[in-house]
Amino acid sequence: MKVSELTEGVQTGHYARKQVFSRSAIVAWSHRSRFRFARKLVEPYAGRRLLDYGCGDGTFLAEVCDWFPDAVGGDIDPGQNDDCRKRFAAHPAMSFLSIDELEQPACAGIYDVVTCMEVLEHCLPDTTEKVIADLRRLVAPGGTVVISVPIEIGPTLLGKQAIRAIAGWRSIGDYKFREKYSAAELVTMLLADEQTAIQRPVHPGLDGARPFHGHKGFNWRALRRRLRDTFEIRATRFTPLEFLGGYMSSQAWIICSP
């Protein structure tokens, strides 16, 4: 979907303003690329039931609601859900539930495709396990779970840290508060395999929200290894620059079946 086709609701969302419409051309390009890619991934399920778990400001749902008569966003933040309901009130195909509401037995196994984008990298270990269990419980038999997470290892990490530093100097978004690595940590993550781990900072949630991780120390390969215990992994894809096989791409996509 072209940026010009994004709804007014998307344009006023906090995430879209910061990332999709960033003043940094490379940040905007990277995030727009991932939403275009996600749209392609869910296209085969058009007309069926979709859940975006951890929907944030509803940007992705707004980009695919033309394909899904029942597009549901789920998020843990009640204020964010209320904001989405207001901004997308003109879109009857879109609805928003809390994560607690998704615990209802009626929600189990009813979604043909469940997306979970830019969520798991922020979760502490116990929350990671809950999210994975929720994804498994909510997806329909024979359905698909699409998980996207940032690549924060290998040569990509160097490129991202440089881009974040430049964005911070330009006072773009929250990049001036970016997490920094020691030399030893940086080398460790540049050479990371699926078992590599460093100490990850824990940030306090605001207004009673749960503590969370930033991107520092996140290892997508380790997450993929964990997902194999719960799902059949059908494919791993990358955006942008997929032809590089994850080197110098910003995002990994893990496509799973229950």
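Nothing here was measured: the structure is a model prediction, and the numbers come from that model.

1. Observations concerning unusual backbone geometry
Cis peptide bonds are those with omega within 30 degrees of zero, and the linkage from Thr239 to Pro240 qualifies with -25 degrees. Take Pro240: it is sitting in the loop between β8 (232-239) and β9 (251-257). Positioned with a positive phi, Ser171 is a non-glycine residue whose angle comes to about 60 degrees. Among the secondary structure elements, Ser171 is positioned in the loop between α7 (154-169) and α8 (183-190). Look at Leu241: it is not a glycine, yet its phi comes out positive at around 55 degrees.

2. Some points on the confidence of the model for the protein
Residues of the protein with pLDDT of at least 70 account for 95%, and the chain-wide mean is 89. Ranking the helices and strands of the protein by mean pLDDT puts helix α9 (residues 220-227) first, with 98, and helix α1 (residues 8-11) last, with 69. With pLDDT under 50 throughout, residues 1-6 is counted as low confidence; its partners more than four residues away or in other chains account for 12 contacts.

3. Regarding the packing of aromatic side chains
Inspection of the entire model under this criterion finds three aromatic pairs. When the ring of Trp220 is compared with that of Phe238, the centres are 5.5 Å apart and the planes differ by 75 degrees; the resulting orientation is edge-to-face. Residue Trp220 is found in helix α9, and its partner Phe238 is found in strand β8; the two are separated by 18 residues along the sequence. The pair formed by Trp220 and Phe238 is uniform in burial state, with each residue classed as buried. Above the plane of the ring of Trp67 lies Arg39, whose end atom (NZ or CZ) is 3.8 Å from the centre. The residue whose ring lies beneath Lys216 is Tyr181, and the NZ or CZ to ring-centre distance is 5.4 Å.

4. Things to note about the nonpolar core
Counting 36 residues, the largest nonpolar core has Tyr53 and Leu135 as the members making the most contacts within it. Looking at this core, the elements with two or more residues in it are β1 (49-53), β4 (111-117), α6 (125-138), β5 (139-150), α9 and β9. In terms of nonpolar packing, the next biggest core, distinct from the first, is built from 27 residues, Val20, Phe60, Cys84 and Trp253 among them.

5. Topic: the sheet that holds β5
The sheet built from seven strands is open, its strands ordered β3-β2-β1-β4-β5-β9-β8 with mixed pairing. Two strands close off the open sheet at either side, each with one partner strand: β3 (94-98) and β8. Looking at each pair of strands side by side, their axes are set apart by 20 degrees on average, direction ignored. Pairing between β8 and β9: seven bridges, direction antiparallel.

Scoring rules and cut-offs
- Residues numbered from 1 in each chain as written.
- Predicted model: local features only at pLDDT ≥ 70, side-chain atom pairs only at ≥ 80, totals over all residues.
- Heavy atoms only, no water.
- Helix = DSSP H or I, 4+ residues; strand = E, 2+ residues; numbered from the N terminus.
- pLDDT = per-residue confidence, 0-100.
- Contact = heavy atoms within 4.5 Å.
- Phe/Tyr/Trp six-rings, centres within 6.5 Å; stacked < 30°, edge-to-face > 60°.
- Buried < 20%, exposed > 50% of the residue type's maximum accessible area, 1.4 Å probe, protein only.
- Lys NZ or Arg CZ within 6 Å of the ring centre and 35° of its normal.
- Core = buried A, V, L, I, M, F, W, Y, C linked by side-chain atoms within 4.5 Å.
- Pairing = 2+ DSSP bridges.
- Axes fitted to C-alpha atoms, helices over the stretch in contact; angles between N-to-C directions.

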